[in-house]
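Here's the letter readout for the chains.
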Protein chains: 2
Amino acid sequence: MIHIHEVAKLTKITVRTLRYYDQIGLLTATSKTEGGHRLYSEEDMKKLQQIQFLKGMGYRLQDIKEMLCDAKWNWPISLKSQLVYIMEEQERLGSIESSLRELINSIAIEGGDDHLAIQKLIQLSNQNKTKLRTFRENMFNDKQLELWTRLPKMKGKDPDSLEWIALLGQIKRHMKDDPASLRVQNIIRRMLEKQMEEFEGEDEFINKLWELRKSPSQSEKLGLYPIEQEVLEFMERAYEIYMSSEHNGSTQQGGVL
Amino acid sequence: MIHIHEVAKLTKITVRTLRYYDQIGLLTATSKTEGGHRLYSEEDMKKLQQIQFLKGMGYRLQDIKEMLCDAKWNWPISLKSQLVYIMEEQERLGSIESSLRELINSIAIEGGDDHLAIQKLIQLSNQNKTKLRTFRENMFNDKQLELWTRLPKMKGKDPDSLEWIALLGQIKRHMKDDPASLRVQNIIRRMLEKQMEEFEGEDEFINKLWELRKSPSQSEKLGLYPIEQEVLEFMERAYEIYMSSEHNGSTQQGGVL
DNA sequence: ACTTGAAAGTGACGTTACGTCATTTCGTAT
DNA sequence: ATACGAAATGACGTAACGTCACTTTCAAGT
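Residues numbered from 1 in each chain as written. Chains lettered and ligands numbered in written order. Predicted model: local features only at pLDDT ≥ 70, side-chain atom pairs only at ≥ 80, totals over all residues. Heavy atoms only, no water.

An unreviewed UniProt entry annotates chain A as Transcriptional regulator, MerR family originating from Paenibacillus aquistagni.

Now the structure itself:
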C-alpha cells in the first residue's frame, strides 16, 4: 500500500491526474486511511500501467474505462478500428502538410507580398478537386497525364520543385530589369536546362502547357499556381532574346512551372 | 450586406460558429440593424474565407486572430513552425500505428487470450528503447545487425511478418498435438522454407538467435516478443523430428521469429 | 501530549471550439 | 395589430487535466 505521491513519482503521472482518475471512476484507490488519504495496491499499479499504455494508443479515458471493466471485451475489433482512425488522422495531417508546403513555396515566389500569396492559395483551395481532375483528363492524353505528374508542384518538398520555385521568385524580383540583362538571361538558361533534364523530347507537351499557362482562365481550371500576365510575357521576351542571341538548336519554348 | 443565415448557407459555417467568432473578436460583423441583427459585408466574407483556410491548416482561432490583425505578420516563420508541428504529429501517429499493429499481431498469436498479449506488450513498451539498442549492439556485429533489421517484426505490416505471426499462432494452437503430426510438421516445413528464403547461408546468425530465444531473460533484453518456454521446446522437438525423418541436408536449426 | 510543516484532501475555474437548449427580442407579412 | 420565423443572449456540456485557494491529515520533533 503506497501513498499517492509515491505512485506519482514511480509512474510519472501527476497527483492531480491520479485524483482525476479516481473522480471519473477509472482508477479508484483500493483503500484509504481513516483520514481519507488514498492508498494504492500493486493491483492498482498494474491497472495504471494498462491505462497509460492504452492512452498511449490514443484511446480516450472513457473508452479505456469500458475496456478494463468489461472482462470479455473484443480487443481485435476495437484495436483495428483504432488503427483505422489513426491512419485517417495521418492522412489528414498529410494533406495539411501538402497545403502548408504549397503556401510556404508560394510566399517564396511572391517574395514579400504574403497576403497576395495567401489569397491565391485560397482561390485554388476553394475549387473542388474532382472538377480539376476531370478537366485535366479532358485536356491531355494518357502519356501527357504521366508527364503532368512529373511537373514541379507547389506542394512539393523535392529539391527539383524547390528550385523551380526559387527560379520563378528570382524572375519576379528582376521584373524591373531588362529581359536581356545577364541576370535574367542566366535564370532563363537555368530554367531551360532543368526543363531539358526532365522533359527532353516532349516539345509538344511543353508547348501545349505554355499556351495554357498564358490563358489565366485555363490555368485556373487546371489548378496551376496563378502567375501574372506580365510575368509570363516578361519570361517569353527573355526567352526569345536568349534563343535569338546564340542558341537556336531547339524549337521548344516556355517553362514548365 | 447579408444576414447571418445567408452567410451560413453560403460558407457552410454554422450560425453558432459565426456568433462565436464575433464573441471572441475574430470576426465582427461590419454593421448591425438597429435591432441588433448582424449584417455581413463582402469584406467580412473574404476574411471568413481566410479564417476557414487557416483553420484548415490546423491553426487555433487565437493564432488566426493575431495573424489577421497584425498587418506585418511574419508568415514564413509561422508557417514553417506550423509545418514542423504537423510533421511531429504525423511522427507521433506513426509510432502509435506501429504499436497498434504490434498489439493486433500479438493477439493473433495468442489466439484468444487477449489480456496476456496486452500484458506482454506493456512489459515490452515499459523498457526504454535506448537500453534495448545498446544491448543489441553489444550482442551482434555489424553484419548481424543488418540481418537483424530483416527479421519479421511484430509491428510489421508486410506480408512476410504477417505470415510468421500466423505460423506461430498455428503452432500454439497445435501444442496439444503430437509434434510428429502432419499438421505440425507442415508448419515447421513452411517456417524453414521462409527462413531459407530470407536467411540462406546465415546459419551462424540463426543459431545464435535461437539460443538467445531460448533464454527468456536474454530475449527480453533484446526486445523480442516473449514466447513461452514450452512453445519453444515444442518447436525444437518438432524440428528435430522433421530433420531426422527425411531431411538432413542443412545444419541450421530454430526459427527466426 | 502538543506543535508544526509537509502533504493530502476537496472544490472551483480555465482551457478549445463550438453544439445544444431555453428564453427573449426583432423583422416582416398579413 | 398580430403572428410567426429568425435572430439575439446566456448558460451548460464536452476531454483531460493544470492551477489556485482553502482545509484537513500525517508523521516527526519537542
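Another point: the overall build of chain A. When its secondary structure is counted, chain A shows 13 helices and 3 strands. Its C-alpha radius of gyration of 30 Å places chain A more than 25% over the 18 Å reference for a compact globule of 257 residues. Projected onto the principal axes, the alpha-carbon positions of chain A cover approximately 95 × 35 × 30 Å. Classification of the 257 residues of chain A by burial places 43% in the buried group. The contacts of chain A with a sequence gap of at least 6 include a subset with a gap of at least 24, amounting to 62%. Approximately 14100 Å² of chain A is accessible, and the part contributed by carbon and sulfur atoms is 51%. When the 37 basic and 40 acidic side-chain charges of chain A are each reduced to a single mean position, those positions are 7 Å apart. (Helix = DSSP H or I, 4+ residues; strand = E, 2+ residues; numbered from the N terminus. Rg over C-alpha atoms; globule rule 2.2 N^0.38 Å. Buried < 20%, exposed > 50% of the residue type's maximum accessible area, 1.4 Å probe, protein only. Contact = heavy atoms within 4.5 Å. Areas by Shrake-Rupley, 256 points an atom, 1.4 Å probe, with all protein chains shown as cover. Lys, Arg positive; Asp, Glu negative; His and termini not counted. Charge placed at Lys NZ, Arg CZ, Asp CG, Glu CD.)

Per the stated rule, a full pass over the model turns up 8 aromatic pairs over all chains. Aromatic ring contacts, followed pair by pair, group Phe-140, Trp-148, Phe-199 and Phe-205 of chain A into a single cluster. (Phe/Tyr/Trp six-rings, centres within 6.5 Å; stacked < 30°, edge-to-face > 60°.)

With that out of the way, let us pick up the protein's contact with DNA strand D. Inspection of the region around DNA strand D gives 18 residues, with Thr-17 and Tyr-21 of chain A together with His-5, Arg-19 and Arg-38 of chain B positioned closest. Within 4 Å of the protein, atoms of DNA strand D come from sugar and phosphate in 76% of cases. Between Tyr-21 of chain A and DNA strand D, the recorded distance is 3.0 Å, taken from a side-chain N or O atom to a phosphate oxygen. One nitrogen or oxygen atom from the main chain of Arg-38 of chain B is found 2.7 Å from a phosphate oxygen belonging to DNA strand D. Contributions of two or more residues to the surface near DNA strand D are made by helix H2 (15-23) of chain A together with helix H1 (4-11) and helix H2 (15-23) of chain B. Among the elements that line the surface near DNA strand D, the one with the most residues is H2 of chain A, at 4 residues. (Near = heavy atom within 4 Å. Polar contact = N/O pair within 3.5 Å; in protein donor to acceptor, adjacent residues only side chain to side chain.)

Further remarks concern the protein's contact with DNA strand C. What surrounds DNA strand C is a group of 18 residues, the closest being His-5, Arg-19 and Arg-38 of chain A together with Thr-17 and Tyr-21 of chain B. For DNA strand C, the fraction of atoms within 4 Å of the protein that belong to sugar or phosphate moieties is 75%. Between a phosphate oxygen of DNA strand C and a side-chain N or O atom of Thr-14 of chain B, the distance comes to 3.0 Å. Between Tyr-21 of chain B and DNA strand C, the recorded distance is 3.0 Å, taken from a side-chain N or O atom to a phosphate oxygen. Taken together, the elements giving at least two residues each to the surface near DNA strand C come down to helix H1 (4-11) and H2 of chain A together with H2 of chain B.

Now for the environment of Ile-107 of chain B. Residue position: Ile-107 of chain B is located in helix H5 (residues 75-110). Sequence separation of Ile-107 of chain B and His-174 of chain B is 67 residues, and the distance between their C-alpha atoms is 16 Å.

Here we come to the pattern of salt bridges. Residue and element names in this part refer to chain B. Taken as a whole and judged by the stated rule, the model has 39 salt bridges over all chains. We note a salt bridge from Glu-197 to Arg-190, for which the minimum N-O separation is 4.0 Å. Judged by relative accessible area, which is 57%, Glu-197 ranks as exposed. Overall, Arg-190 belongs to the partly exposed group, its relative accessible area being 25%. (Salt bridge = Lys/Arg side-chain N within 4 Å of Asp/Glu carboxyl O.)

Residues and elements named next belong to chain B. At a closest axis distance of 11 Å, the pairing of helix H8 (residues 142-149) and helix H11 (residues 203-214) adopts a crossing angle of 70°. The angle between H8 and H11 falls in the class roughly perpendicular. Residues Gln-144, Leu-147 and Trp-148 of H8 touch H11, and the partners they reach there are Glu-204, Phe-205, Lys-208 and Leu-209. Split by residue class, the contact of H8 with H11 holds 4 nonpolar, 1 polar and 2 charged. (Axes fitted to C-alpha atoms, helices over the stretch in contact; angles between N-to-C directions. Parallel < 35°, antiparallel > 145°, perpendicular 65-115°, else oblique. Nonpolar A, V, L, I, M, F, W, Y, C, P; charged D, E, K, R; others polar.)

All names here are of chain A. Of note, the phi angle at Lys-12 is positive, near 65°, even though the residue is not glycine. Counting through the fold element by element, Lys-12 comes out in the loop between H1 and H2. For Lys-12, a relative accessible area of 76% gives the class exposed.

Okay, the interface of chain A and chain B next. If you look at the interface, chain A gives 35 residues, while chain B gives 35 residues. When the two sides are added together, the surface that chain A and chain B hide from each other amounts to roughly 3500 Å², 75% of it contributed by carbon and sulfur. Counting across the chain A and chain B interface gives 0 salt bridges. Linking chain A to chain B there are 0 residue pairs in polar contact (both at pLDDT 80 or more). Residue assignment for the side of chain A that touches chain B shows that the elements contributing at least two residues are helix H3 (42-56), helix H5 (75-110) and helix H6 (114-126) of chain A. Among the residues forming the side of chain A that touches chain B, the class breakdown is 19 nonpolar, 11 polar and 5 charged. (Buried area = accessible area lost by both parts, 1.4 Å probe.)

For the match of chain A to chain B, the screw axis carries a shift of 0.0 Å, the RMSD comes to 0.2 Å, and the turn is 180°. Given the turn and translation reported, the copies of this chain are related as if by a two-fold rotation axis. Measuring from the rotation axis to each C-alpha of chain A, the shortest distance belongs to Gln-90 of chain A, at 3.0 Å. The share of interface residues of chain A whose copies in chain B are also at the interface is 100%, consistent with both copies meeting through the same surface. (Least-squares fit on C-alpha atoms with pLDDT ≥ 70 in both.)

Okay, the side chain of Ser-78 of chain A next. Counting through the fold element by element, Ser-78 of chain A comes out in helix H5. When its relative accessible area of 11% is taken as the criterion, Ser-78 of chain A is described as buried.

Before going further, it helps to spend a moment on the environment of Pro-152 of chain B. Within the secondary structure, Pro-152 of chain B sits in the loop between H8 and helix H9 (159-173). In this structure the C-alpha to C-alpha distance between Pro-152 of chain B and Met-67 of chain B, which are 85 residues apart in sequence, comes to 49 Å.

All names here are of chain A. The 3 strands lie next to each other as E1-E3-E2, forming an open sheet whose pairing is antiparallel. Of all the strands in the sheet, the pair left with one neighbour each is strand E1 (2-3) and strand E2 (31-32). Across 2 bridges, the pairing between E2 and strand E3 (residues 38-40) is antiparallel. Within the sheet, the bridge partner assigned to Ser-31 lies in E3 and is Leu-39. (Pairing = 2+ DSSP bridges.)

It is worth spelling out the packing of H1 of chain A against H2 of chain A at this point. What describes two packed helices is the angle between their axes and the distance between those same axes. Residues and elements named next belong to chain A. Following both chains from N to C, one finds H1 and H2 inclined at 110°, their axes separated by 9 Å at the closest point. Accordingly, the angle class assigned to the pair H1 and H2 is roughly perpendicular. Where H1 crosses over H2, the handedness of that crossing is right-handed. Contacts between H1 and H2 involve Ile-4, His-5, Val-7 and Ala-8 from the former and Val-15, Leu-18 and Arg-19 from the latter. (Left-handed = near helix turned anticlockwise from the far one by under 90°.)

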